[in-house]
Amino acid sequence: MAGTTATLPDNPLAEPVWTTPHGLPPFERILPAHYEPAFAAALAAHGAEIAAIADDPEPPTFANTIAALERSGQALKRVSGVFFNIAGSHTNPELQAVERIMAPRLARHRSALFLNGALWARVTAIGAGGLTEEEARVLDRYRTLFRRAGADLDPAAKERMAAIAARLAELGTRFSQNLLADESSFVLPLETEEDLAGLPPFLRAAAARAAAERGLDGHIVTLARSLIEPFLVFSTRRDLRERAYTAWTRRGENGGETDNRAIIAETLQLRAERARLLGYETFADFKLADTMAGSPDAAMQLLRDVWTPARARAADERDRLQALIRQEGGNFDLAAWDWRHYAEKLRRAEHDLDEGEIKPYLPLDGVIAASFDTASRLFGLAFEELADVPRYHPDVRAWAVKDRDGTVIGLFLGDYFARPSKRSGAWMSAFRSQERLTGEVTPIIVNVMNFAKGGEGEPALLSFDDARTLFHEFGHALHGLLSDVTYPLLAGTAVAGDFVELPSQLYEHWLEQPAVLRAHARHYRTGEPMPEALLQRLLAARTFNQGFATVEYTASAIVDLDLHLSPLAEEGIAIDGFEAEALRRIDMPAEISMRHRSPHFAHIFAGEGYAAGYYSYLWSEVLDADAFDAFRETGDIFDPETARRLRAYVYGAGNLRDARSAYTAFRGRLPSIEPLLRKRGLLAA
């Protein structure tokens, strides 16, 4: 590696050590032009390391093969960690060009590793005798990864597998960049006072700030979720709600260069072909073979069990919203762009609850403090904000995270605000993951959100759903920060796809606890706590509109599985017709759209993380509802012994054991679906 990096003396990504505080990447010195040469050097170095392991004349052992694999590729991890985090959260045309080049190269590099016959022969020859429990787990996971990559295939099939992987990486990058282009290009001007009708002050301020950020006068609505969703709630201009909603739901299918439908068809073809080469009937069968669910049938059964009561509940909600329209003198049928608007009116009528009344008690800093305090009470963590550290955007904040004994166990970065250079949604990622194999490596974890900034001189005020999102992503962050393993392969969130949402969704429960809200829901101007009557109304309404929320999610999960189970996938699927037919079969309410329509379903088409796996949020919700009951049963939502087990077997354990064993170690048994139905208010339905 040293010989290669010598040719890049001015490239910060080639420096063997970063002397920045806590070893943070020196963001301010890294330019787009630095990435491609840094990737080239890191790929060459890793390739040489892999060749040395595969060609080692010594008999294969865990130390000289598996541990060596785990130590390899340090430079590549560093460069990739920086690049892909920035490409998602603060991109530009130069970075997007690098991403289009590097995605297939990196996929081919990974294929070369897992399709290396000599290396696979060494991995298969290692015996399990004398290994520790963690070493045996790492060995087992490597064997699984090799087999699922095609290590047992003949040479021609291996070559085809490598080509498929490279093409899928290219398609996923194009899908993501097309989606960002559609999101960034749409602007709905609000040019008159009539256009602003119904918008509360916080939303007017956000719309004005969005215009100013784009060099425009007045107010605009963009496709940032933190702006468009409240617009759909509050705007009394039905025609503008329809325009905004149509643009939101048609991302990725507007024709031209950013249309994603052909990308979807080819992606499904290639996934199906790869699954067939590996001996699976469908991609869904391949994907779920290595999950907690174990099979598409198990996942689909859960979705059906929830769909029936959810649809019944949504039908009742629809009828009540339609009745409200009639009461107001409306002579139109409820449409998808009306649902949020009239649901908010109904919530006010039934629960005396107004989102505009709640937001002043949920300033961003207060919700961050609530999430930190919850972690302190559960796990003994402390958070020290750092002022003078590198950051990739001025909005990014950083905290050192300390354990009970004062030891710094990691860094947490918060990137909370929407901007055109950031893809939509919210996520957790790592610039550096925890491990002990190469030294005591502490993680650098980032949460990325898309909240709207406040008005001039005002803080960002969150909706309760925004606050829940922050708690959710911070649950993922804790999964990375509390990781306590030796081997990188097992660290943090590197768990089964339908188990990874347990730590995040479980963490949401604490936001809804009266003790947490009483302590942290305080008015941003006066500091007064949320009035008890408002708090109780807020909690009483927690299952309001859950038919809608469950239907829009579950429909997306069912279509995802249907797409990846379809025998037509390898022949080529016309996504418009397929999606419509899939929704017809489940009797999708016309007034509700899927949470993610296929042309902008980044979870499953901008990569493979959730492909044939979007069900996992619901699967994990079965776990999280049951897991929080473990605290309720003690009478203390911060019960120390339950929290100790939670840290030991879930948040801190990474992939030390399979998901079923991990959950059973924490809870003493596997869960039932009843707590989930109770949580969503679906038991009666």
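Details of the structure are given in the entry above.
How each quantity is defined
- Residues numbered from 1 in each chain as written.
- Predicted model: local features only at pLDDT ≥ 70, side-chain atom pairs only at ≥ 80, totals over all residues.
- Heavy atoms only, no water.
- Helix = DSSP H or I, 4+ residues; strand = E, 2+ residues; numbered from the N terminus.
- Contact = heavy atoms within 4.5 Å.
- Pairing = 2+ DSSP bridges.
- Axes fitted to C-alpha atoms, helices over the stretch in contact; angles between N-to-C directions.
- Buried < 20%, exposed > 50% of the residue type's maximum accessible area, 1.4 Å probe, protein only.
- Polar contact = N/O pair within 3.5 Å; in protein donor to acceptor, adjacent residues only side chain to side chain.
- Parallel < 35°, antiparallel > 145°, perpendicular 65-115°, else oblique.
- Nonpolar A, V, L, I, M, F, W, Y, C, P; charged D, E, K, R; others polar.
- Core = buried A, V, L, I, M, F, W, Y, C linked by side-chain atoms within 4.5 Å.
- Phe/Tyr/Trp six-rings, centres within 6.5 Å; stacked < 30°, edge-to-face > 60°.
- Lys NZ or Arg CZ within 6 Å of the ring centre and 35° of its normal.

**Q** Help me understand the environment of Ala162 in this model?
**A** Checked against the element boundaries, Ala162 lands in helix α8 (residues 155–185). Considered as a pair, Ala162 and Asp405 are 243 residues apart in the sequence and their alpha carbons are 48 Å apart. With near-sequence residues (within four places) excluded, Ala162 lies in contact with Ser111 and Leu115.

**Q** What is the right way to look at the sheet that holds strand β3 (residues 382–386) in this model?
**A** Strands pair in a sheet through their backbones, by hydrogen bonds, and they do so in one of two ways: parallel or antiparallel. Here 5 strands make up an open sheet; going across it, the order is β3-β4-β5-β7-β6 and the pairing mixed. A single partner strand is all that each edge strand has here, and the edge strands are β3 and β6 (427–432). If you compare each strand with its neighbour and ignore which way they point, the axes differ by 30° on average. The pairing of strand β5 (residues 408–417) with strand β7 (residues 444–451) spans 6 bridges and is classified as parallel. From the neighbouring strand, Leu411 faces β7, where its bridge partner is Ile444. Relative to β6, helix α4 (residues 74–89) is tilted by about 150°, and along the sheet it contacts β5, β6 and β7.

**Q** Sorry if this is basic, but what is going on with the environment of Thr438 here?
**A** Mapping Thr438 onto the fold places it in the loop between β6 and β7. When its relative accessible area of 38% is taken as the criterion, Thr438 is described as partly exposed. Contacts of Thr438, omitting those with residues within four sequence positions, involve Arg71 and Gln74. Here Glu435 takes part through its side chain, which lies 2.6 Å from a polar atom of the side chain of Thr438.

**Q** Hey, could you run me through the packing of helix α3 (residues 62–71) against helix α7 (residues 133–149) in this one?
**A** When two helices pack together, you describe them by how their axes are tilted relative to each other and by the distance separating the axes. Close contact between α3 and α7 brings their axes to 11 Å; oriented N to C, the two are set at 75°. Judged by the inter-axis angle, α3 sits roughly perpendicular to α7. When α3 is examined against α7, the residues Phe62, Ile66, Leu69 and Glu70 are found in contact with a partner set consisting of Glu135, Val138, Leu139 and Tyr142. Tallied by class, the residues present in the contact of α3 with α7 amount to 6 nonpolar, no polar and 2 charged.

**Q** What's the story with the pairing of β7 in this structure? I'm lost.
**A** Within a regular strand, the side chains alternate between the two sheet faces. The buried fraction of β7 amounts to 8 of the 8 residues, a majority that puts the element mostly inside the structure. Every second residue of β7 is oriented toward a common face, with Ile444, Val446, Val448 and Asn450 on one face and Ile445, Asn447, Met449 and Phe451 on the other, all of them buried. As judged from the 5 bridges shared by β6 and β7, these two strands associate in the antiparallel manner. Residue Arg432 lies in a different strand from β7, and its bridge partner there is Ile444.

**Q** Where do I start with the nonpolar core in this structure?
**A** Soluble, globular proteins show a tendency: their nonpolar side chains are buried together. In terms of nonpolar packing, the biggest core is built from 143 residues, with Leu470, Phe499 and Trp510 touching the most fellow members. The element contributing the most residues to this core is helix α14 (residues 296–327), with 11 residues. Every residue in contact with Phe499, bar those within four places of it in the chain, is listed here: Met292, Ser620, Leu623, Ala659, Ala662 and Tyr663. Core analysis: the second largest hydrophobic core is formed by 34 residues, Trp18, Ala87, Met102 and Val389 among them.

**Q** Help me understand the packing of aromatic side chains, please; the structure alone is not making it clear to me.
**A** Each aromatic ring pair is characterised by the separation of its centres together with the angle its planes make. Summed over all chains, the structure comprises 38 aromatic pairs. Between Phe39 and Phe83, the ring centres sit 5.6 Å apart and the planes meet at 80°, which makes this aromatic pair edge-to-face. Taken as a pair, Phe39 in helix α2 (residues 32–54) and Phe83 in helix α4 lie far apart in primary sequence, 44 residues in all. Owing to a relative accessible area of 0%, Phe39 belongs among the buried residues under this scheme. Ring geometry for Tyr615 and Trp619: centres 6.2 Å apart, planes at 90°, overall edge-to-face. Among the residues examined, Tyr615 registers a relative accessible area of 1% and is labelled buried. Of the aromatic side chains, those joined through ring pairs into one cluster are Phe372, Phe383, Trp399, Phe412, Phe471, Phe474, Tyr507, Trp510, Phe628 and Phe631. Residue placement shows Arg78 over the ring face of Trp18; its charged tip is 4.0 Å from the ring centre.

**Q** Explain α3 to me, please; I cannot follow it from the model alone.
**A** Side chains three or four residues apart in an α-helix point the same way, a direct result of the helix having 3.6 residues per turn. Counting buried positions along α3 yields 8 of 10 residues, so the element is predominantly enclosed. Considered for burial, the residues of α3 that qualify are Phe62, Asn64, Thr65, Ile66, Ala67, Ala68, Leu69 and Glu70. Elements that come into contact with the buried residues of α3 comprise α2, α4, α6 (117–125) and α7. At the C-terminal side of α3, Gly73 shows a positive phi close to 75°.

**Q** How do you make sense of the packing of α14 against helix α25 (residues 616–632) when you look at a structure like this?
**A** As a packed pair, α14 and α25 sit with axes 10 Å apart at the nearest point and diverge in direction by 75°. With respect to their mutual orientation, α14 and α25 come out roughly perpendicular. Side by side, α14 and α25 meet where Ala298, Ala299, Leu302, Leu303 and Val306 of the first sit next to Leu618, Trp619 and Val622 of the second. Class assignment for the residues of the contact of α14 with α25 results in 8 nonpolar, no polar and no charged.

**Q** Looking at this structure, I do not really get unusual backbone geometry. What am I missing?
**A** Excluding glycine, residues mostly have negative phi values, and the peptide bonds linking residues are mostly trans. At Asn545, a position not held by glycine, the phi torsion is positive, near 65°. In this structure, Asn545 sits in the loop between α21 (532–540) and α22 (546–565). Overall, Asn545 belongs to the buried group, its relative accessible area being 18%. Backbone geometry places Ala612, a non-glycine residue, at a positive phi of 55°. Tracing the backbone shows Ala612 in the loop between α24 (602–605) and α25.

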